[in-house]
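# Structural features, examined
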Amino acid sequence: ILYSQVAHGIIKKIDYSEALKVPGVKAVITSEDFKVKRTGLIMEDEMILATGKVRFIGEKIAAVAAVSKEVAEEALNKIKVEIEELPYLSDPLEALKEDAVLIHDDLIKEGLAETMGIEGNLCSSMELCQGDIEKGFEEADLVIEDTFKTSKAHHCYIEPHVSLAQWDSKKG
C-alpha cells in the first residue's frame, strides 16, 4: 500500500507506469479502479483509496500486487503522486470553528453531509444529561472549573484485522 505523506491535499496526478514495469508486479490499483469509492460501518464517509484528495497522513493512495513483498516495495517506490497541499487541522477545537477548512467538503458538495448528520467538520455529537447539575454544584464541598484535555481513547478490538490471499494457478 502507498500511504500519503501529506496531511491534507488535492491529488493532481498519480503516475504508476514505472511501477508496472518492475518484473513481478501483477497489478497497481488506485481509486479509479473502483466503482464504489466510499465505505464505512456507520456512515459511508471513508474512501477505499484516496479519491480526489488526501485527508490525513497515512491515507491509502494506491496498492501494488506482486510476487513478493520486496518486488511490491520496489514498485511502490516508483509511483509518483503529485499533491497540492491544503491547510490541515491538528486541533479538534480549531476544526469545529465555523471558518475552519473542511476536511470532507466532498460530502457537502455531493449533498451527503446533511443526510449523514455532518455539520462542517463535526461528524456527530451526543449529549448526555442525567441528574440535576445545579443541585450538584450547590451541594458540593468544592467546585473546580477548568479545561481538561486527555489523549484520545480507542477501544481494543478482540478480532484481528487482516486479509489473506492465495493464488491457485490451476484455476487461472
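Let me begin by describing the structure that accompanies this report.

About the criteria used
- Residues numbered from 1 in each chain as written.
- Predicted model: local features only at pLDDT ≥ 70, side-chain atom pairs only at ≥ 80, totals over all residues.
- Heavy atoms only, no water.
- Helix = DSSP H or I, 4+ residues; strand = E, 2+ residues; numbered from the N terminus.
- Contact = heavy atoms within 4.5 Å.
- Areas by Shrake-Rupley, 256 points an atom, 1.4 Å probe, with all protein chains shown as cover.
- Lys, Arg positive; Asp, Glu negative; His and termini not counted.
- Charge placed at Lys NZ, Arg CZ, Asp CG, Glu CD.
- Core = buried A, V, L, I, M, F, W, Y, C linked by side-chain atoms within 4.5 Å.
- Buried < 20%, exposed > 50% of the residue type's maximum accessible area, 1.4 Å probe, protein only.
- Pairing = 2+ DSSP bridges.
- Salt bridge = Lys/Arg side-chain N within 4 Å of Asp/Glu carboxyl O.
- Patch = residues over 30% accessible without salt bridge, like charges linked within 9 Å, V, L, I, M, F, W, Y side chains within 5 Å.

Secondary structure summary: the chain contains 6 helices and 8 strands in total. Counted from the first residue to the last, the chain has its helices and strands arranged as β-β-α-β-β-β-β-β-α-β-α-α-α-α. Put simply, 67% of the contacts in the chain that link residues at least 6 apart link residues at least 24 apart. As displayed, the chain offers around 14,000 Å² of accessible surface, 54% of which is attributable to carbon and sulfur atoms. In the chain, which carries 20 positive and 33 negative side-chain charges, the distance between the mean positions of the two groups comes to 14 Å.

One broad trend across soluble globular proteins is that nonpolar side chains are buried collectively. Of all hydrophobic cores here, the largest spans 17 residues; its most connected members are V25, V64 and I79. Elements supplying a minimum of two residues to this core: β3 (25-29), β7 (60-66) and α2 (69-76). Ranked by residues supplied to this core, first place goes to α2 with 4 residues. Beyond its immediate stretch of four places on either side in the chain, V64 contacts V25, A27, V28, A72, A75, L76 and I79. M43, L107, A113 and I118 belong to the second-largest nonpolar core, a separate cluster that totals 5 residues.

A separate point is the environment of L86. Here L86 is to be found in the loop between β8 (80-85) and α3 (92-95). The class for L86 is partly exposed, based on a relative accessible area of 23%. Along the backbone, L86 and H8 are 78 residues apart, and their C-alpha atoms lie at a distance of 5.3 Å. Those residues in contact with L86 that sit more than four places away from it in its chain are H8, G9, I10 and K53.

Ordered by their spatial adjacency, 3 strands build an open sheet running β6-β2-β8, and the pairing between neighbours is antiparallel. Both outer strands of the open sheet, β6 (53-54) and β8, are each paired with one neighbouring strand and no more. By the bridge criterion, 2 bridges tie strand β2 (residues 9-15) to β6 in an arrangement that is antiparallel. Among the inter-strand pairings, G9 is bridged to a residue of β6, identified as V54.

If you walk across this open sheet you meet the 3 strands as β1-β7-β3, and the pairing is antiparallel. Of all the strands in the sheet, the pair left with one neighbour each is β1 (2-3) and β3. One ladder, built from 2 bridges, connects β1 with β7; its direction is antiparallel. Paired with Y3 across the bridge in β7 is K60.

Tallied over the full model, the rule gives 9 salt bridges. For the salt bridge of E84 with K12, the shortest nitrogen-to-oxygen distance reads 3.1 Å. Taken together, the residues E84 in strand β8 and K12 in strand β2 connect sequence positions 72 residues apart. By relative accessible area, which is 36% here, E84 ends up partly exposed. As a salt-bridge pair, K53 and D105 come within 2.9 Å of each other at their nearest N and O atoms.

Together, L93, L96 and L122 line one region of the surface with nonpolar side chains, adding up to about 270 Å² of accessible area. Following the sequence through the fold, L96 ends up in the loop between α3 and α4 (105-109). On the basis of relative accessible area, L96 is assigned to the partly exposed category, the value being 48%.

Bear in mind that shape data such as this cannot, by itself, settle questions of function.
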